[in-house]
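Notes for the structure review
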Amino acid sequence: MSIATTLIRPHDTEWGHSVAFGLIAIALAAAVFYVDTYTDIEGAIAVLYVVVMIIAAQATTRLGLLITAAVCAGLTLLSYAMTHSDDADLQSTIRLIVSLAALFVTTILLLKTETARLTTLAINSALKESEARYRSIFDRTRVALWERDYSRLRNYLMNIKAQGVTDIRAHAHANPAFVDHCVGLIDVVAANEAARELMGTQSSTPDALRRSIVPGKASFVDVLQALLDGDRIFEDKVEVRTEAGENKLVLLSISFPEDPAAFNRVVVSMVDVTQREMALKALAEAQAELTKASKAATVGAMSASLAHELNQPLGAIVVNSQTLLRWLDRDPPDLAAVRRSAERMIRDSQRASEIIQNTRNLLSPSSNTLETISLESLIDETMALMEHELQRSGTTVLVDRSPQLPAVAAVKIELQQVLINLITNAIQAMDENKSPKRTIKIAAERPDIEHVRIAVRDTGPGIAEGVKDKLFSPFFTTKATGMGMGLSICRSTLEARGGRLEGSNHREGGAIFEMYLLIKPEMEHA
Ligand code: ADP
């Protein structure tokens, strides 16, 4: 007996109920027919078929209901025909009509109820399906997810807000137990596998949450502030502490519902960005190293020019010191001539020391202060630095400046470095081309209200097809000994100061590189 009971499944139970209700309905219908046809009880007995319908409704479908209604109506008419075929009076006819009408109305109502029941069933099953889908996404996604109940915490915060607290940080500072109390008001409804993996714990209690807060970090207080302010979304990069005591950097995102009643199921997500942040830091460090290396390379490229420049004042100093000695050897020494020679020597030494200072500045990491720079002097000084290289390669430089260009606030050495890079690239491109007419045109103008532009155009082969997209990519080079960092560094140098660098081919041939520099309003008349 007990075995039979345990083997009954829900489906079997339903079937059993249906059969029972069906049998009761048939028995009742037979009884009603019997009383209606074979007894003398006066009254609309057939109205009781309504009860048959109601019982049948528990056991059958909509079609079954219609068939039952038809059978009941048929039995009512049959009974009427058998009992009143000869003496059909008005009263019995009215009873017949009332019974049929009751049957009809009941059928319609039962059909409607059945339709509503089926719709509710369909909605319920759709809901269950969507809940199951949500569960499966929740459980399987690689993003760490928690479902947390924030309703008690929200109520508490709304209470203290009503008491006039608006600055959570100050409130937490004044009440050391506040944060801990708030953590205790959060209940974790569910946590997925990724969440447990991230935190290295199976436990989702407030205690686990408490341990995950890194002391001294304001992130939890920021979440409380967002809740107090009624923000819908909280998103921030925050540090959390895993059960193993390791600090991780995560992207925390919480979407608070609009409806206060829904605060019992708030979804919290975390994405571990520790590795990504470390990679970004390493990349930034590598880039800084490369910038330094490129600076050194730029100086290397100029060293020939520097040697040449230093040669001239040093040669002059030697000549002047020999002359000075000769004036001193005279009897009596010509002191006025000695003084003139000494003065020339001082002037030349100063010139040599300026040249050396310029080189030092180029290498110095601290030459980072913004100065007011006129484009005219920037171009002239850069040309002077490149003079030797330009002469060596037989390159003519034509400079075209619009009148009254405003000054720019920039780090001079940075702009010089960009210009030197562009000019060196132009010279190398023309070397490669063996251009008979080696000309670089440098134009400075103001293309719009916010920028000045320095364009460097050459008569080389232009930028090759297929190279254009990669021109500014780090380590992209078409040169056998190139490093491929020049343009990439130039572009980031300008962008860091709000400017930009573009490169294209000129319609009349050759490549053109354009530096756009931001004009600060206060520089307008500088
Ligand atoms: P590198 O000079 O070490 O190759 P860059 O970043 O300065 O590195 O330049 C990248 C590439 O862009 C060069 O290898 C070259 O193919 C192309 N390029 C740069 N300047 C010019 C130019 N003026 N004309 C044609 N191609 C150029």
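The following paragraphs examine the structure supplied in this document. Since the structure is predicted, the reported quantities are computational estimates derived from the model, not experimental observations.

Quick look at the overall build of the chain
Across its full length, the chain holds 16 helices and twelve strands. Contacts in the chain between residues far apart in sequence, at least 24 positions, make up 68% of those at least 6 positions apart.

A few points about the pattern of salt bridges
Taken as a whole and assessed by the stated rule, the structure comprises 26 salt bridges. The salt bridge involving R339 is made with E343; its shortest N-O contact spans 3.3 Å. Here E343 and R339 lie together in helix α13 (residues 335-363), a separation of four residues that amounts to about one turn. Judged by relative accessible area, E343 falls into the partly exposed class, the value being 43%. For D348, the salt bridge is made with R347, and the minimal N-O distance between the two is 3.4 Å.

Points about the side chain of T68
Position of T68 among the secondary structure elements: in helix α4 (residues 62-84). Of the polar contacts made by the side chain of T68, one reaches the backbone oxygen of G64; its length is 2.6 Å.

Observations regarding unusual backbone geometry
Here D331 and P332 are connected by a cis peptide whose omega angle stands at -5 degrees. Position of P332 relative to the elements: it lies in the loop between α12 (274-329) and α13. Positioned with a positive phi, Q404 is a non-glycine residue whose angle comes to about 55 degrees. The topology assignment puts Q404 in the loop between β7 (396-401) and β8 (408-410). Phi at F475 takes a positive value of approximately 65 degrees, unusual for a residue other than glycine. Take F475: it is sitting in the loop between β10 (451-458) and α16 (486-495).

Digging into the packing of aromatic side chains
Aromatic rings considered in pairs are described by the distance between their centres and by the relative angle of their planes. Taken as a whole and assessed by the stated rule, the structure comprises five aromatic pairs. Measuring from centroid to centroid gives 6.0 Å for Y134 and F138, while their planes differ by 40 degrees, and the two rings are tilted. With Y134 and F138 both in helix α5 (residues 90-140), this residue pair falls four residues apart, about one helical turn. Classification of Y134 by relative accessible area gives partly exposed; the value is 28%. Taken together, Y150, F256 and F263 form an aromatic cluster joined through their ring pairs. Its end group placed over the ring of F138, R135 keeps NZ or CZ at 5.2 Å from the ring centre. One Lys or Arg, R148, reaches over the ring of W146 and ends 5.3 Å from the middle of that ring.

Overview of helix α14 (residues 375-393)
The largest bend in α14 is about 60 degrees, located at M386. Immediately downstream of α14, the backbone of G394 shows phi near 65 degrees, a positive value.

Structural notes on the site of the ligand
Around the ligand sit 18 residues in total, of which T477, T478, K479, G484 and L487 are the nearest. Between the ligand and the protein, one listed contact pairs an oxygen atom with a backbone N or O atom of G484 at 2.8 Å. For the ligand, an oxygen atom lies 3.4 Å from a polar atom in the backbone of G486. For the ligand, whose accessible area on its own is 540 Å², the fraction buried by protein is 92%. Elements supplying a minimum of two residues to the shell around the ligand: α15 (412-433), α16 and β12 (511-518).

Some words on the sheet that holds strand β11 (residues 500-505)
With mixed pairing, five strands are arranged side by side in an open sheet as β7-β9-β10-β12-β11. Of all strands in the sheet, those bounded by a partner on one side alone are β7 and β11. Adjacent strand axes in the sheet meet at a mean angle of 15 degrees, parallel and antiparallel pairs treated alike. Contacts from α14 reach β7, β9 (439-445), β10 and β12, with the element oriented near 180 degrees to β7.

Observations regarding the sheet that holds strand β5 (residues 266-272)
Strand order in the open sheet formed by five strands is β2-β1-β5-β4-β3, with antiparallel pairing between adjacent strands. Here the strands that pair on one side only, and so sit at the sheet edges, are β2 (187-191) and β3 (233-241). Across the sheet, the mean angle from the axis of one strand to that of its neighbour is 30 degrees, orientation sign disregarded. The sheet contact formed by strand β1 (residues 144-149) and β5 spans five bridges and is antiparallel. Pairing of L145 across the sheet is with S269, part of β5. On top of the sheet, α5 reaches β1, β2 and β5; it is set at about 125 degrees to β1, its chief contact.

Here's the deal with empty space enclosed by the protein
Which parts of space are left empty comes out when a probe the size of a water molecule is rolled across the atoms. Here the structure, examined in full by the defined rule, presents two cavities of 30 Å³ or more. Contributing to the lining of the largest cavity are 15 residues, with I213, F220, V240, L252 and M270 lying nearest its centre. Split by residue class, the lining of the largest cavity holds eleven nonpolar, two polar and two charged.

Side note on the packing of α4 against α5
Here α4 crosses α5 at 175 degrees, and the two axes come no closer than 10 Å. Comparing the axis directions of α4 and α5 gives the class roughly antiparallel. On α5, the residues that touch R62, L65, L66, A69, C72, A73, T76, L77, Y80 and H84 of α4 are S92, T93, L96, S99, L100, L103, T107, L110, L111, E114, T115 and L118. Here the residues of the contact of α4 with α5 sort into 13 nonpolar, seven polar and two charged.

Rules behind the numbers
Residues numbered from 1 in each chain as written. Predicted model: local features only at pLDDT ≥ 70, side-chain atom pairs only at ≥ 80, totals over all residues. Heavy atoms only, no water. Helix = DSSP H or I, 4+ residues; strand = E, 2+ residues; numbered from the N terminus. Contact = heavy atoms within 4.5 Å. Salt bridge = Lys/Arg side-chain N within 4 Å of Asp/Glu carboxyl O. Buried < 20%, exposed > 50% of the residue type's maximum accessible area, 1.4 Å probe, protein only. Polar contact = N/O pair within 3.5 Å; in protein donor to acceptor, adjacent residues only side chain to side chain. Phe/Tyr/Trp six-rings, centres within 6.5 Å; stacked < 30°, edge-to-face > 60°. Lys NZ or Arg CZ within 6 Å of the ring centre and 35° of its normal. Bend = angle between axes of the 7 residues up to and from the residue. Near = heavy atom within 4 Å. Areas by Shrake-Rupley, 256 points an atom, 1.4 Å probe, with all protein chains shown as cover. Pairing = 2+ DSSP bridges. Axes fitted to C-alpha atoms, helices over the stretch in contact; angles between N-to-C directions. 1 Å grid on protein atoms, 1.4 Å probe; cavity = no way out; pocket = protein on both sides within 12 Å on 5 of 7 lines; lining within 4 Å. Points joined across faces, edges and corners; volume = space filled by probe spheres on them. Nonpolar A, V, L, I, M, F, W, Y, C, P; charged D, E, K, R; others polar. Parallel < 35°, antiparallel > 145°, perpendicular 65-115°, else oblique.

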